[in-house]
Amino acid sequence: MIYGRTHTEIYKMGGLMKILPIISATYVVAGLASLGLPGLSGFVAEMNIFVGAWENPHLLNEMLLLLLPQLLLSLRYIYSELLGYYGVG
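Caption draft 1: Here's a closer look at the overall build of the protein chain. Regarding its fold elements, the protein chain presents five helices and zero strands. Going from N to C terminus, the protein chain has its helices and strands arranged as α-α-α-α-α. Buried positions account for 24% of the 89 residues belonging to the protein chain. Pairs at least 24 apart in sequence give 45% of the contacts found in the protein chain among residues at least 6 apart. Carbon and sulfur atoms provide 71% of the accessible area of the protein chain, an area that totals close to 6600 Å².

If you want it as structure tokens, here you go:
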């Protein structure tokens with residue numbers, strides 16, 4: 001795939017969804033599952049953590065502090081997906 005595209009910079013490889021639709025869709029679904037979105041595999045674990053933190057008020061502040069890196073990682077994933085697979089950015 002990289003040989004066919006002639007370069008390795010992700011911002012130059014934009015539009016892979018047109019060339020590799022099945023692999024791209026699989027990557028998107030797997031990435032969204034790792035973010036813990038409802039209806040996908042990671043959601044059950046994430047929901048258990050949130051419910052446990054909500055039931056223990058002394059853990060709630062730490063939980064909110066730990067949500068910041070997860071939010072930043074989610075934004076980074078979505079940005080790289082838009083760059084590489086859709087050519088947006």
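What follows continues from the structure just given.
Caption draft 2: Molecular detail of the confidence of the model for the protein chain. Taken residue by residue, the protein chain gives an average pLDDT of 79. The fraction at 70 or more is 84%. The element-level mean pLDDT for the protein chain is lowest in helix 1 (residues 2-5), coming to 59, with helix 3 (residues 21-34) highest at 86.

Caption draft 3: A look at helix 3. With 14 residues, helix 3 ought to run about 20 Å at 1.5 Å a step, and its terminal C-alpha atoms sit 20 Å apart, in line with that. Along helix 3, the residues classified as buried are Ser24, Val28, Gly31 and Ala33. Following helix 3 by one or two positions, Gly36 has its phi on the positive side, about 80°.

Caption draft 4: Fine view of the side chain of Ser80. Its place among the elements puts Ser80 in helix 5 (residues 57-86). Separated by 3.0 Å, the side chain of Ser80 and the backbone oxygen of Tyr77 make a polar contact.

Caption draft 5: Broad picture of the packing of aromatic side chains. Summed over all chains, the structure comprises one aromatic pair. Between Tyr27 and Tyr77, the ring centres sit 5.9 Å apart and the planes meet at 45°, which makes this aromatic pair tilted. Placement of Tyr27 in helix 3 and of Tyr77 in helix 5 is noted, with a sequence separation of 50 residues between them. Note on Tyr27: relative accessible area 37%, which makes it partly exposed.

Thresholds, definitions, all that
- Residues numbered from 1 in each chain as written.
- Predicted model: local features only at pLDDT ≥ 70, side-chain atom pairs only at ≥ 80, totals over all residues.
- Heavy atoms only, no water.
- Helix = DSSP H or I, 4+ residues; strand = E, 2+ residues; numbered from the N terminus.
- Buried < 20%, exposed > 50% of the residue type's maximum accessible area, 1.4 Å probe, protein only.
- Contact = heavy atoms within 4.5 Å.
- Areas by Shrake-Rupley, 256 points an atom, 1.4 Å probe, with all protein chains shown as cover.
- pLDDT = per-residue confidence, 0-100.
- Expected span 1.5 Å × (residues − 1).
- Polar contact = N/O pair within 3.5 Å; in protein donor to acceptor, adjacent residues only side chain to side chain.
- Phe/Tyr/Trp six-rings, centres within 6.5 Å; stacked < 30°, edge-to-face > 60°.

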